[in-house]
Amino acid sequence: MTSTERLRISTEMSLLAEHHLVNGDDMAGAELLWGALSQVIIAIAINRGQRYQEHQHRRHVMRQIITELDDPAIVEDYKDANRLHVHFYLNNLTAMRVRDAADTTHALIGRLLPLSA
């Protein structure tokens, strides 16, 4: 699968996530949004010729991005995205916290998209 296809999937997942969030299924919406971010990270890894098959590979790519961009907001937004991922398993966030984390995850995806080109 190419980086372009990964970005297409990310967009589809983001839209589906919003559909679930709006309709009150915040667990599914949270995981889909985490998946959308993961697809962007994979697209970046593909373009850089890096491994992406395991969680540790994607975390490594994110650590590189955080270092390169030197933007503390990216760290916090990535933590929010991780919280969404955990929420899928634990259902441990309030609806307001899910919405806030979804907003920051969407923003993070937007900031990472230029790196995937």
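Here the structure is shown first, and the text comes after it.
(A) Structural detail: the pattern of salt bridges. Per the stated rule, a full pass over the model turns up eight salt bridges. Asp 80 serves as the salt-bridge partner of Arg 97, at 2.5 Å between the closest nitrogen and oxygen. Of this pair, Arg 97 sits in helix α5 (residues 95–112) while Asp 80 is found in helix α4 (residues 72–90), placing the two residues 17 residues apart along the sequence. Arg 97 sits in the partly exposed class, given a relative accessible area of 27%. A salt bridge links Asp 103 to Arg 99; the nearest nitrogen and oxygen atoms lie 3.0 Å apart. Of this pair, Asp 103 and Arg 99 both sit in helix α5, separated by four residues, roughly a single helical turn. Linked by salt bridges that have partners in common, Glu 18, Arg 99 and Asp 103 make up one network.

(B) Representation of α4 in the model. Compared with the 27 Å implied by 1.5 Å per residue over 19 residues, the 27 Å span of α4 between its first and last C-alpha is a close match. For α4, the set of buried residues is Ile 74, Asp 77, Tyr 78, Asp 80, Ala 81, Leu 84, His 85 and His 87. An end-on view of α4 places all buried positions within 165° of arc, on one side of the element. Seen from the buried face of α4, the exposed residues on the opposite side, beyond 90 degrees, are Pro 72, Tyr 89 and Leu 90. As for α4, its buried residues are in contact with α2 (26–48), α3 (55–69) and α5. Backbone nitrogen of Ala 73 and a side-chain oxygen of the N-cap are separated by 2.9 Å at the start of α4; the cap is Asp 71. Trailing α4 by a residue or two, Asn 91 shows a phi angle of about 50°, which is positive.

Thresholds, definitions, all that
- Residues numbered from 1 in each chain as written.
- Predicted model: local features only at pLDDT ≥ 70, side-chain atom pairs only at ≥ 80, totals over all residues.
- Heavy atoms only, no water.
- Salt bridge = Lys/Arg side-chain N within 4 Å of Asp/Glu carboxyl O.
- Helix = DSSP H or I, 4+ residues; strand = E, 2+ residues; numbered from the N terminus.
- Buried < 20%, exposed > 50% of the residue type's maximum accessible area, 1.4 Å probe, protein only.
- Expected span 1.5 Å × (residues − 1).
- Arc of directions from axis to C-beta.
- Contact = heavy atoms within 4.5 Å.
- Polar contact = N/O pair within 3.5 Å; in protein donor to acceptor, adjacent residues only side chain to side chain.

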